[in-house]
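Here is how the chains run, residue by residue.
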Amino acid sequence: MTKIKKVVVIGGTGLIGSKAVKLLHDAGHEAVVASSRNGINAYTGEGLAEALAGADAVIDVSNMMSFDRDVITDFFATSSRNLMGAERAPGVRHHVVLSIVNADQLAANPYMAGKLAQEEAVATSGQAFTIVRATQFHEFTETLVDAYSADGAVTVPDIDFQPIAADDVAAALVEAALSEPKNGTVDLAGPERAPFRSFVSTYLDAKGDNRPVNADAAVDYFGAPVMAGSLVPGGDSIKGRITIAEWLRV
Ligand SMILES: NC(=O)c1ccc[n+]([C@@H]2O[C@H](COP(=O)([O-])OP(=O)(O)OC[C@H]3O[C@@H](n4cnc5c(N)ncnc54)[C@H](OP(=O)(O)O)[C@@H]3O)[C@@H](O)[C@H]2O)c1
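Report follows, based on the coordinates. This one's a predicted model, so the numbers in the text were calculated from it and none came from an experiment. (Residues numbered from 1 in each chain as written. Predicted model: local features only at pLDDT ≥ 70, side-chain atom pairs only at ≥ 80, totals over all residues. Heavy atoms only, no water.)

**A look at the sheet that holds strand β3 (residues 57–60)**
Through backbone hydrogen bonds, the strands of a sheet pair up, either in parallel or in antiparallel fashion.
Turning to step 1, where the next piece is worked out: Spatially, seven strands are ordered β2-β1-β3-β4-β5-β9-β12 in an open sheet, and the strand pairing comes out parallel. Looking at strand neighbours, the two that pair on one side only are β2 (30–34) and β12 (238–239), the edges of this open sheet.
Turning to step 2, where the next piece is worked out: Looking at chain direction, strand β1 (residues 6–10) and β2 are connected through five bridges and run parallel. Residue isoleucine 10 lies in a different strand from β2, and its bridge partner there is alanine 34.
Turning to step 3, where the next piece is worked out: Running at roughly 160° to strand β4 (residues 94–100), helix α4 (residues 110–123) makes contact with β3, β4 and β5 (129–134) of the sheet. (Pairing = 2+ DSSP bridges. Helix = DSSP H or I, 4+ residues; strand = E, 2+ residues; numbered from the N terminus. Contact = heavy atoms within 4.5 Å. Axes fitted to C-alpha atoms, helices over the stretch in contact; angles between N-to-C directions.)

Spelled out as structure tokens, the structure:
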């Protein structure tokens, strides 16, 4: 019989966190929903000791949006240091954190700099960990379309893309948390790799939006210069199974 585990999901009310919590419950495990609005705050440390008591693993999918490099870096680095410190006392055996594929090569983007600071705080903590670096979520496509829209067209970088559904991300994180720590990084990507432009076209077609979609090698990724492989895994990766067409049908 599988041993029932207690897993604390930091950001357990968010897009990925709420799915991870449901998967853990459905599998018979105990999942603690941690978020600042329910009194468990990774950035200030409030409520962490109580939430972590007796936990086997932590999944950190907390998030904050800012375009200020210092603000975002401080949030991720401070939160991770607080978590790693708080996990030491009760002897939590595995910390799993969700990051982004190639975050280390894209630090000219302020948000990626924050994710890199988060990764570094985890990897240098001395605690057992797995960093899961995912590609962009299907659920993020609308934000990307808005960001790259101008003058009646959508113009994205001329690069490859391999997006993944939030359901697949949550499943991979739960599997990681219930497995042995890698003490390293694993990449996680969607089932299909194609030009960024083609995913945006598929998305707009499904929404009945007939704006033209262009690819331009001079366009960057939120401040980071990018090349063909910048947003996709360079080596082995875990693959999700939900294609954008399947995701759009749900
Ligand atoms: N978007 C993408 O394509 C993509 C790709 C790869 C990786 N990721 C990563 O995926 C992760 C999860 O993203 P998401 O979209 O699921 O996030 P989300 O929906 O914005 O949810 C964020 C969660 O973090 C919680 N939170 C914020 N500040 C907190 C704090 N100080 N202490 C505890 N909890 C806190 C929020 O709850 P409260 O507000 O109540 O605190 C919420 O539950 C992010 O780290 C992101 O970098 C995203």
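**Overview of the site of the ligand**
Turning to step 1, where the next piece is worked out: The immediate surroundings of the ligand are formed by 27 residues, with Thr13, Ser35, Ser36, Tyr111 and Lys115 found nearest.
Turning to step 2, where the next piece is worked out: In the model, an oxygen atom of the ligand is placed 3.2 Å from a nitrogen or oxygen of the asparagine 63 main chain.
Turning to step 3, where the next piece is worked out: In this structure, phenylalanine 137 approaches the ligand through a main-chain N or O atom, which is 2.8 Å from an oxygen atom.
Turning to step 4, where the next piece is worked out: Considering the ligand on its own, with 930 Å² of exposed area, one finds that the protein chains cover 85% of that surface.
Turning to step 5, where the next piece is worked out: At the level of elements, α1 (15–26), β4 and α4 are the ones that each hand at least two residues to the shell around the ligand.
Turning to step 6, where the next piece is worked out: Ranked by the residues each element gives to the shell around the ligand, the list is headed by β4, at three residues.
Turning to step 7, where the next piece is worked out: Classifying every residue of the shell around the ligand by side-chain character gives 14 nonpolar, eleven polar and two charged. (Near = heavy atom within 4 Å. Polar contact = N/O pair within 3.5 Å; in protein donor to acceptor, adjacent residues only side chain to side chain. Areas by Shrake-Rupley, 256 points an atom, 1.4 Å probe, with all protein chains shown as cover. Nonpolar A, V, L, I, M, F, W, Y, C, P; charged D, E, K, R; others polar.)

**Focus on the nonpolar core**
Soluble globular proteins: nonpolar side chains tend toward being buried together.
Turning to step 1, where the next piece is worked out: Within the largest apolar cluster, 27 residues are counted, with the highest numbers of intra-cluster contacts made by Tyr148, Val154, Phe196, Val200, Leu204 and Tyr221.
Turning to step 2, where the next piece is worked out: Elements represented by at least two residues in this core include exactly α3 (69–88), α4, α5 (141–147), β7 (153–157) and α7 (196–206).
Turning to step 3, where the next piece is worked out: Counting residues per element, this core draws most heavily on α7, at five residues.
Turning to step 4, where the next piece is worked out: The residues contacting valine 154, other than those within four sequence positions of it, are Val145, Tyr148, Ser149, Val200, Leu204, Arg211, Pro212, Val213 and Asn214.
Turning to step 5, where the next piece is worked out: Counting residues in each nonpolar core, the second largest holds 26 residues, with Leu24, Ala170, Ala176 and Leu188 among its members. (Core = buried A, V, L, I, M, F, W, Y, C linked by side-chain atoms within 4.5 Å. Buried < 20%, exposed > 50% of the residue type's maximum accessible area, 1.4 Å probe, protein only.)

**Concerning the pattern of salt bridges**
Turning to step 1, where the next piece is worked out: Evaluated as defined, the whole model comprises eight salt bridges.
Turning to step 2, where the next piece is worked out: Put simply, lysine 19 and aspartate 167 hold a salt bridge, and the shortest N to O gap is 3.0 Å. Taken together, the residues span a long stretch of sequence, with lysine 19 in helix α1 and aspartate 167 in helix α6 (residues 166–177) at a distance of 148 residues.
Turning to step 3, where the next piece is worked out: A salt bridge links arginine 133 to glutamate 119, with the shortest nitrogen-to-oxygen separation between them at 2.8 Å. Highlighted residues: arginine 133 in strand β5 and glutamate 119 in helix α4, separated in sequence by 14 residues. Just as arginine 133 is buried, glutamate 119 falls in that class too.
Turning to step 4, where the next piece is worked out: The network of salt bridges with common partners includes Asp104, Glu119 and Arg133. (Salt bridge = Lys/Arg side-chain N within 4 Å of Asp/Glu carboxyl O.)

**Observations regarding the packing of α3 against α4**
Turning to step 1, where the next piece is worked out: At their nearest, the axes of α3 and α4 sit 8 Å apart, and the two run at 20° to each other. Relative to α4, the element α3 lies roughly parallel. Note that α3 runs across α4; the crossing there is right-handed. Here Arg69, Ile72, Thr73, Phe76, Ala77, Ser80, Arg81 and Met84 of α3 lie close against α4, whose contacting residues are Pro110, Tyr111, Ala113, Gly114, Lys115, Ala117, Gln118, Ala121 and Val122.
Turning to step 2, where the next piece is worked out: Across the contact of α3 with α4, the residue classes break down as ten nonpolar, four polar and three charged. (Parallel < 35°, antiparallel > 145°, perpendicular 65-115°, else oblique. Left-handed = near helix turned anticlockwise from the far one by under 90°.)

Honestly, it's all geometry; don't read function into it.
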